[in-house]
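What follows is the residue order along each chain.
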Amino acid sequence: MGVGSECETWQVIETNSCRRHRIVAGLLIRDGRALLCHRSALKAWFPDVWDLPGGHIEEGETPGQALARELREELGLDVAEPRDECLARVSTDEFEMQVWRITEWTGSPANGAPEEHDEVAWFALPEARTLELAHASYPALLEEALSPGWRDRSLDRQTGSG
């Protein structure tokens, strides 16, 4: 999996006759902290871990439209569709995910999807490193997004694949 700036709209990718999920996520940053959502232990996919808010791209949506919709549904936030490059692409055998660093929104984050998340909370990087996270790439993404000079750093380093 690479982390980079190639975040164009994807076609559905077929792998061994299985479709990979197309996912978008927002890494919301405020006051040196990132907002994470704890996935319910009852979820079949990535249960009982801390995850980035976001979800599946629906038929006919662009990734930016999907991100705005998902953040509105899950957190009650209004965000503009991202116009800049995404922070990262996370690619595994199961999914392709684009992640954007989000610093501006309207509304106060609240858990609007209790069937998916049982908690929503802000974490500084040291706290986030102690959490059980949904993907091995998240610590590096959090470090990148929370660093003061994040735009000046190289975004095409490798973080492993799932």
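Residues numbered from 1 in each chain as written. Predicted model: local features only at pLDDT ≥ 70, side-chain atom pairs only at ≥ 80, totals over all residues. Heavy atoms only, no water.

**Describing the confidence of the model for the protein chain**
Low pLDDT means the predicted coordinates in that region are not meant to be read closely. The condition is simple: Values of pLDDT, the confidence the predictor places in each residue, fall between 0 and 100. Whether two residues are in contact is decided by their heavy atoms, any of which lying within 4.5 Å being enough.
When the pLDDT values of the protein chain are averaged, the result is 82; 80% of them are 70 or greater. Throughout residues 1-17 the model reports pLDDT below 50, and contacts reaching past four residues in sequence, or to other chains, amount to 52 contacts. Note that pLDDT drops below 50 for residues 152-162; the model gives that stretch 25 contacts with residues more than four away or on any other chain.

**Some thoughts on the pairing of strand β7 (residues 88-91)**
Definition in use: One requirement defines pairing of two strands: DSSP has to find at least two bridges between them. Comment: elements are numbered from the N terminus, with helices defined as DSSP H or I runs of at least four residues and strands as E runs of at least two.
As paired strands, β7 and strand β8 (residues 95-102) are joined by four bridges and run antiparallel to one another. By the bridge assignment, S91 is partnered in β8 with E96. Between β7 and β8, which pair antiparallel one after the other, the connecting turn spans three residues.

**Regarding the layout of surface pockets**
Selection rule: Grid spacing is 1 Å over the protein atoms alone, the probe is 1.4 Å, and a cavity is where that probe fits but cannot get out, while a pocket is an open set with protein on both sides within 12 Å along at least five of seven lines and lining residues have an atom within 4 Å of a point. Grid points are joined across faces, edges and corners, and a volume is the space filled by probe spheres set on the points. Charged residues are taken to be Asp, Glu, Lys and Arg, nonpolar residues to be Ala, Val, Leu, Ile, Met, Phe, Trp, Tyr, Cys and Pro, and polar residues to be all remaining types, Gly included.
Here the largest pocket is characterised by a volume of approximately 300 Å³. As for the largest pocket, its lining consists of 21 residues, of which I23, R39, W45, D51 and G55 are closest to the centre. Those elements that provide at least two residues to the lining of the largest pocket are β3 (21-30), β6 (54-56), α1 (63-75) and β8. Considering only residue class, the lining of the largest pocket consists of ten nonpolar, five polar and six charged. Considered as a void within the structure, the second largest pocket measures approximately 200 Å³ in volume. Lining the second largest pocket we find V79, A80, E81, P82, D84, R101, I102, T103, E104 and W105. When its residues are assigned to classes, the lining of the second largest pocket shows five nonpolar, one polar and four charged.

**Considering the nonpolar core**
Among soluble globular proteins, nonpolar side chains are generally buried collectively. What counts is decided by this rule: Each nonpolar core is a collection of buried residues, namely Ala, Val, Leu, Ile, Met, Phe, Trp, Tyr and Cys, held together in the definition by side-chain atoms within 4.5 Å. Accessibility here uses a 1.4 Å probe with only protein chains present; expressed as a share of the type maximum, an area under 20% marks a residue as buried, one over 50% as exposed, and anything in between as partly exposed.
Formed by 27 residues in total, the largest nonpolar core has its most connected members in L27, L36, M97, V99 and L142. Counting residues per element, this core draws most heavily on helix α3 (residues 138-146), at five residues. Once residues lying within four places of it in the same chain are set aside, the contact partners of V99 are A25, L27, L52, C86, L87, A88, V90 and L141. One finds V24, L75, I102 and W105 within the second-largest nonpolar core, a separate group that totals 16 residues.

**Considering the environment of E143**
Looking at the element boundaries, E143 is found in helix α3. Along the sequence, E143 and R129 sit 14 residues apart, while their C-alpha atoms lie 9.4 Å from each other. What E143 contacts, discounting residues up to four positions off in sequence, is L125 and R129.

**Comments concerning α1**
So the rule is basically this: Here the expected span of a helix is defined as 1.5 Å times the quantity of residues minus one.
The end-to-end C-alpha separation of α1 is 18 Å, in line with the 18 Å expected for 13 residues at 1.5 Å each. Judged by how many residues are buried, α1 sits mostly within the fold: ten of 13 residues are covered. Taken together, the buried positions of α1 are occupied by P63, G64, A66, L67, A68, R69, E70, L71, E74 and L75. The elements touched by buried residues of α1 are β3, β4 (33-39), β6, β8 and β9 (117-123). Looking at the residues trailing α1, positive phi occurs at G76, about 70 degrees.

**Considerations on the pattern of salt bridges**
Counted only if it meets this: Any Lys or Arg side-chain nitrogen located within 4 Å of an Asp or Glu carboxyl oxygen qualifies as a salt bridge.
Taken as a whole and assessed by the stated rule, the structure comprises eight salt bridges. A salt bridge links E96 to R20; the shortest N-O distance between them is 2.8 Å. With a gap of 76 residues between them, E96 in strand β8 and R20 in the loop between β2 (18-19) and β3 connect regions that are remote in the sequence. According to the relative accessible area criterion, E96 is buried, its value standing at 4%. Among the residues examined, R20 registers a relative accessible area of 15% and is labelled buried. Measuring nitrogen to oxygen at the nearest pair gives 3.3 Å for the salt bridge that ties E96 to R89. Across this residue pair, the class does not change: E96 and R89 are buried. A network of salt bridges, in which partner residues are shared, links E58, E61, R69, E70 and E73.

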